[in-house]
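# Geometric and topological summary
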Amino acid sequence: MIDIALGVKIRQRPANGQWPRNISDIVPALESLLVRIKNNGLYAPTCAELFDRQNGAAILHDYLDFAGTYLRDGHAKLAKKRALQLKQKL
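First things first, this report covers the structure right here in the doc. (Residues numbered from 1 in each chain as written. Predicted model: local features only at pLDDT ≥ 70, side-chain atom pairs only at ≥ 80, totals over all residues. Heavy atoms only, no water.)

### Things to note about the overall build of the protein chain
Broken down by element type, the protein chain carries five helices and zero strands. Element order for the protein chain, N to C, with α for helix and β for strand: α-α-α-α-α. The C-alpha radius of gyration of the protein chain comes to 12 Å, within 12% of the 12 Å expected for a compact globule of 90 residues. If one aligns the C-alpha atoms of the protein chain with their principal axes, the spans along those axes are about 35 × 25 × 20 Å. The buried share among the 90 residues of the protein chain stands at 34%. In the protein chain, 56% of the contacts between residues at least 6 apart in sequence involve partners at least 24 apart. Accessible surface, the protein chain as shown: approximately 5,600 Å² in total, 52% of it carbon and sulfur. If the 14 positive side-chain charges of the protein chain are averaged to one point and the 8 negative ones to another, these points end up 5 Å apart. (Helix = DSSP H or I, 4+ residues; strand = E, 2+ residues; numbered from the N terminus. Rg over C-alpha atoms; globule rule 2.2 N^0.38 Å. Buried < 20%, exposed > 50% of the residue type's maximum accessible area, 1.4 Å probe, protein only. Contact = heavy atoms within 4.5 Å. Areas by Shrake-Rupley, 256 points an atom, 1.4 Å probe, with all protein chains shown as cover. Lys, Arg positive; Asp, Glu negative; His and termini not counted. Charge placed at Lys NZ, Arg CZ, Asp CG, Glu CD.)

### Concerning the pattern of salt bridges
Applying the stated criterion across every chain yields a total of two salt bridges. Among the ionic pairs, D25 bridges to R11, the shortest N-O distance being 2.8 Å. Placement of D25 in the loop between α1 (2–10) and α2 (27–39) and of R11 in the loop between α1 and α2 is noted, with a sequence separation of 14 residues between them. The class of D25 is exposed, set by a relative accessible area of 51%. (Salt bridge = Lys/Arg side-chain N within 4 Å of Asp/Glu carboxyl O.)

### Here we look at the packing of aromatic side chains
Scanning the model with the defined rule gives two aromatic pairs in all. Judged by centre distance (5.4 Å) and plane angle (80°), the ring pair of W19 and F51 falls under edge-to-face. In this pair, W19 sits in the loop between α1 and α2 while F51 sits in helix α3 (residues 47–51), placing the two residues 32 residues apart along the sequence. The exposure class of W19 is buried, given its relative accessible area of 13%. Exposure remark for F51: the relative accessible area of 23% places this residue in the partly exposed category. Aromatic side chains F66 and Y70 sit 6.4 Å apart centroid to centroid with 50° between the ring planes, which places their arrangement in the tilted category. One end of the pair is F66 and the other is Y70, both in helix α4 (residues 56–72) and four residues apart, which spans about a single turn. What makes F66 partly exposed here is its relative accessible area of 34%. Residue placement shows R82 over the ring face of F66; its charged tip is 3.8 Å from the ring centre. (Phe/Tyr/Trp six-rings, centres within 6.5 Å; stacked < 30°, edge-to-face > 60°. Lys NZ or Arg CZ within 6 Å of the ring centre and 35° of its normal.)

Set out below in structure tokens:
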């Protein structure tokens with residue numbers, strides 16, 4: 001999760017094009033990750049929900065970075081809380 005979050009963030013530089021076209025190379029991995037997250041009981045947005053938003057890249061990065069860090073460090077309850085906070089933003 002954290003690797004994809006970093007990939008999203010790096011691609012937001014102006015030279016890399018417009019969101020969401022600037023992450024087209026990682027969309028399959030992103031969609032697969034979001035399905036795995038949902039299958040593990042956490043809320044996960046769809047790519048369409050994020051791609052339609054001008055701030056979708058920032059929301060996606062924050063979600064993957066925070067939730068990924070919490071899950072990696074064994075804090076599943078905090079990850080679930082962060083995921084639900086994202087749902088409220090959308």
